[in-house]
There are 2 protein chains.
Amino acid sequence: MPDLDAYLEQHSGRFESELCDLLRIASISADSAHRGDVRRAAQWVADQFRALKLDVELAETAGNPIVLATSAPVPGAPTVLVYGHYDVQPPDPLDQWTSPPFEPTVRGGNLYARGATDDKGQMFTHIKAAEAWIRTAGRLPVQLKFVIEGEEEVGSQNLEPFIAANTERLACDCVVISDNSQFAAGLPAITYGLRGIAYYELRLAGPKQDLHSGTFGGGVANPANALCAMLSALVNERGQVQIPGFYDDVEPLTAREREAFGRLPFDEAEFMRKLEVAALAGEEGFTTLERRWARPTFDISGLTSGYQGEGAKTVLPARATAKFSFRLVPRQDPKKISAALEQRLRALCPPGITLELIDFHGAPGIVVPLDSPYVAAAQRAIEAGFGRVPVFMREGGSIPVVAAFHDLLGVDTLLLGWGLDDDNTHSPNEKFCLADFHRGIKASAHLWHELSQIKKS
Amino acid sequence: MPDLDAYLEQHSGRFESELCDLLRIASISADSAHRGDVRRAAQWVADQFRALKLDVELAETAGNPIVLATSAPVPGAPTVLVYGHYDVQPPDPLDQWTSPPFEPTVRGGNLYARGATDDKGQMFTHIKAAEAWIRTAGRLPVQLKFVIEGEEEVGSQNLEPFIAANTERLACDCVVISDNSQFAAGLPAITYGLRGIAYYELRLAGPKQDLHSGTFGGGVANPANALCAMLSALVNERGQVQIPGFYDDVEPLTAREREAFGRLPFDEAEFMRKLEVAALAGEEGFTTLERRWARPTFDISGLTSGYQGEGAKTVLPARATAKFSFRLVPRQDPKKISAALEQRLRALCPPGITLELIDFHGAPGIVVPLDSPYVAAAQRAIEAGFGRVPVFMREGGSIPVVAAFHDLLGVDTLLLGWGLDDDNTHSPNEKFCLADFHRGIKASAHLWHELSQIKKS
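Please read these numbers as outputs of a predicted model, since none were measured by experiment. (Residues numbered from 1 in each chain as written. Chains lettered and ligands numbered in written order. Predicted model: local features only at pLDDT ≥ 70, side-chain atom pairs only at ≥ 80, totals over all residues.)

A. Representation of the domain arrangement of chain A. Residues and elements named next belong to chain A. The domains assigned to chain A are domain 1 (5-194 + 366-452) and domain 2 (196-250 + 296-363). Summarising the inter-unit geometry, the C-alpha centres of domain 1 and domain 2 are found 35 Å apart. On the side of domain 2, seven residues touch domain 1, which itself brings eight residues to the contact. Here the residues of the side of domain 1 that touches domain 2 are counted per class, giving four nonpolar, four polar and no charged. (Domains from an automatic or database assignment. Contact = placed C-beta atoms within 7 Å. Nonpolar A, V, L, I, M, F, W, Y, C, P; charged D, E, K, R; others polar.)

Spelled out as structure tokens, the structure:
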């Protein structure tokens, strides 16, 4: 392997400043007002690949474009697909940001901006590692195929059809994704399991318009009352989801896995202190790591109804809406969950109320095998980049494309997270540790080398 | 009684145009941004009384001023206190108004504006009736004391202390309030019962900020989940409030009253058609009129939590808030309800969540006796104004001051509503039928005469 350290050192300032340029683009995929920004971000990423002389295409979809960039084939060495996304979550509540979400700001060694870690900053490490190889050695040791999409934060609806339609162009031996976290600061990890997701919006309607709660209250069904009753009926006091068949396909955690989780240095008191909560809660009979990584959940993400201004308004609202999701574990099928949920909600819906259920997106959970040469290569690369052997962990979030790569391309994914779990992804003050940014670039550069040592027949 | 008809006829257009002037003032007491408008409305009302040469005071309170106007004493005749309010509800949702809420617009014989019926339009009928007497007969047949406040829509917090501090100045033989509805179009009513109210805001807090629902979901208590569970636990599927002691002081409806309700020409199908609901709902074992007039309720008026924008945001919200109220029936004590509610909510609040309960305002329900000369006078006056003998009814809304007048001044209130129950009070497109506005003025002018016939010792 060539010595890339000098190059990485010399250009580290530029890497940071380029990342800031990308972070300044408010590529919020959930908000159609930012469609132009989303496209600008795609162009920006494509320009990066063009500068490296990769084969670049801005592939149009029914939604936001996918940036596809391919380097030259390397006979005898594996082909590696790198997936990432250039879109970001909405930044609100805006008033809780210390510095504006789209004005990247360094404080205490961290870069603060929406998308800093999820996923612009992490995705960018692989581009800069490729650059280091190309500028230093004049070539990459493996063929890289970058797939950088713009709809990850809204369910990647157009990605799976794109993969399905391009299986030959995207053919590879493994996938690499950096869109998650280390186990803890200074303790890098390889993530072998992800939860799935099924996200919905429930809209209830009652009378044709808001009514006086005195004149009409008690005689007309109240959609806000109905919303609370229906949603609370979806989970019991023991934290168990109350939808027929919901747990049918859930595999129990093995004793071995529970032991392995238990050995990880997870400090529950420190976790509570960081979140500023007096107690943790969740499904009865499971530890906090088990609940977050390997058990399904029901979480409301948004509630809207009636009068939300200052003071008291005595209104019986005409409408009430909730956004909510289930996190799923491997083998739970989002389609099956959707059907069971809709049936359950229709049964719970009281007379005088009509319901509309919007099924936003779903993805199954996944676990990948640990006994592969790819995983071994990733272990060595991370040790080289971070100076420490990674641990194995699972992750509560969802990266739906992992299942799609498995099903459509027949390959497993290496989930190599450079972030930290207090990075405030999806929250105000999202950040990325700049030291980890540079360690990630180094680990990625080593990864291309380590993977090139796997001989292909 | 002098013949006032010619005067009322001749000035009817000006009465409407003056009312429109008052309706253009956005005197929204719930919204501190409109404090200036609230004060302008008070001045406008005071100017009306000044033009009639009444004794006028703009009495300052800790909140909005109370307009107090007194006419000359009439020896041997009763003194009548007229109560009304110049403040209005917030107009939102604004996009559902056909014409802007503070630009009064006539369509189909109705005047559309926020406050048209609640209470500016109805209150104004009594001012114009007084004007007709003064301009025509040169005097009023009874002494009138007008108390027009500016905080009715936010709980009248400062009115009761004002009455308590001014019992001699406000001493009277009966109170007249027009702030409610006829039984139906063309069927005027005297309302002898009102529900009380207890209004709250519940604020739940979980983690210090919004979190990623994948990374944290299942391991941390979700305030939006908790809000739904806690609120839905306050009422069961039979529509019964689940707070210990809530029904202890509720008097059962008498067989005679249920029969009387049953005889009123209430068309349930028409009621459903107007509200555009497929079914009615409410407490088991009661009719719709009983549920709306004479049974307590629990209604959520507003829900706020997490992400409320377009699309999907996978967030575990840090906070969740609800505004809600109980309508109370006579003998239920709002203070007792507040204490029992707070205890119940604290018991329901799950670990990891903290709660704050804001007690906005409360008022007991009330019923007034029907066998008095004041009620008989009102019957005759309404017949003169509306051409039809009024029926007796109860009303689901709350006019907290009725209990205060009873307790502090020792007098009963005549509730003479000129509105209709489809007037959209507290809703978009609030209206007041202009024919009823003029009938109300005429009934009020007759009322001063009829009351003057009650001999005082």
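Back to the write-up after that little detour.
B. Structural detail: the sheet that holds strand 18 (residues 431-433) of chain B. Residue and element names in this part refer to chain B. Spatially, three strands are ordered 4-5-18 in an open sheet, and the strand pairing comes out antiparallel. Bordering the open sheet on either side are strand 4 (105-107) and strand 18, each of which pairs with just one other strand. Strand after strand, the sheet turns through a mean of 30° between neighbouring axes, direction not considered. As defined by bridge partners, strand 4 adjoins strand 5 (residues 110-112) across three bridges and the pair is classed as antiparallel. Looking at the pairing, Arg107 lines up with Asn110 of strand 5. (Pairing = 2+ DSSP bridges. Helix = DSSP H or I, 4+ residues; strand = E, 2+ residues; numbered from the N terminus. Axes fitted to C-alpha atoms, helices over the stretch in contact; angles between N-to-C directions.)

C. A look at the confidence of the model for chain A. Residues at a pLDDT of 70 or more form 100% of chain A, whose mean pLDDT is 95. The ipTM assigned to the predicted complex is 0.82, against a pTM of 0.82. (pLDDT = per-residue confidence, 0-100.)

D. Structural view of the environment of Leu275(A). Position of Leu275(A) among the secondary structure elements: in helix 8 (residues 268-275). Residue classification places Leu275(A) among the buried positions, given that 20 C-beta atoms sit within 10 Å. Not counting the four nearest positions on each side in its chain, Leu275(A) is found in contact with Pro207(B), Lys208(B) and Val220(B). (Buried ≥ 20, exposed ≤ 12 C-beta atoms within 10 Å, placed from the backbone.)

E. A look at the sheet that holds strand 9 (residues 196-205) of chain B. The eight strands lie next to each other as 14(A)-9(A)-13(A)-11(A)-11(B)-13(B)-9(B)-14(B), forming an open sheet whose pairing is antiparallel. On the outer flanks of this sheet lie strand 14 (354-363) of chain A together with strand 14 (354-363) of chain B, each paired with one strand and no other. Pairwise comparison of adjacent strand axes, ignoring direction, gives a mean angle of 20° for this sheet. As paired strands, strand 11 (residues 297-306) of chain A and strand 13 (residues 319-328) of chain A are joined by eight bridges and run antiparallel to one another. Counterpart to Asp299(A) in the pairing with strand 13 of chain A is Ser325(A). Sitting on the sheet, helix 6 (residues 223-232) of chain B touches strand 11 of chain A together with strand 9, strand 11 (297-306) and strand 13 (319-328) of chain B, and the angle it makes with strand 13 of chain B is about 15°.

F. Fine view of the relation of the copies chain A and chain B. For these two chains of identical sequence, chain A goes onto chain B by a turn of 180° and a shift of 0.0 Å along the axis, with RMSD 0.0 Å. Here the copies are linked by what is in effect a two-fold axis. Relative to the rotation axis, the C-alpha of Cys228(A) is the closest in chain A, positioned 2.1 Å from it. (Least-squares fit on C-alpha atoms with pLDDT ≥ 70 in both.)

G. Inspection of the interface of chain A and chain B at higher detail. Contacts between chain A and chain B engage 85 residues on the former and 85 residues on the latter. Mapped onto the side of chain A that touches chain B, the elements with two or more residues apiece are strand 9 (196-205), strand 10 (211-212), helix 6 (223-232), helix 9 (288-294), strand 11, strand 12 (315-316), strand 13 and strand 14 of chain A. Among the residues making up the side of chain A that touches chain B, the classes are represented as 33 nonpolar, 37 polar and 15 charged. By the bridge criterion, five bridges tie strand 11 of chain A to strand 11 of chain B in an arrangement that is antiparallel. In the strand pairing of strand 11 of chain B, Ser305(A) is matched with Leu303(B).

H. Seen up close, the packing of helix 6 of chain A against helix 6 of chain B. The N-to-C vectors of helix 6 of chain A and helix 6 of chain B enclose an angle of 110°; their axes lie 8 Å apart at closest approach. As far as their axial angle goes, helix 6 of chain B and helix 6 of chain A are roughly perpendicular. For the pair helix 6 of chain A and helix 6 of chain B, contact is made by Cys228(A), Ala229(A), Leu231(A) and Ser232(A) and by Cys228(B), Ala229(B), Leu231(B) and Ser232(B), respectively. (Parallel < 35°, antiparallel > 145°, perpendicular 65-115°, else oblique.)

I. Focus on the environment of Glu160(B). Residue and element names in this part refer to chain B. Within the secondary structure layout, Glu160 lies in helix 5 (residues 159-165). Here Glu160 falls in the partly exposed class, since 17 other C-beta atoms lie within 10 Å of it. Spatially, the C-alpha atom of Glu160 lies 8.5 Å from that of Phe405, the residues being 245 residues apart in sequence.

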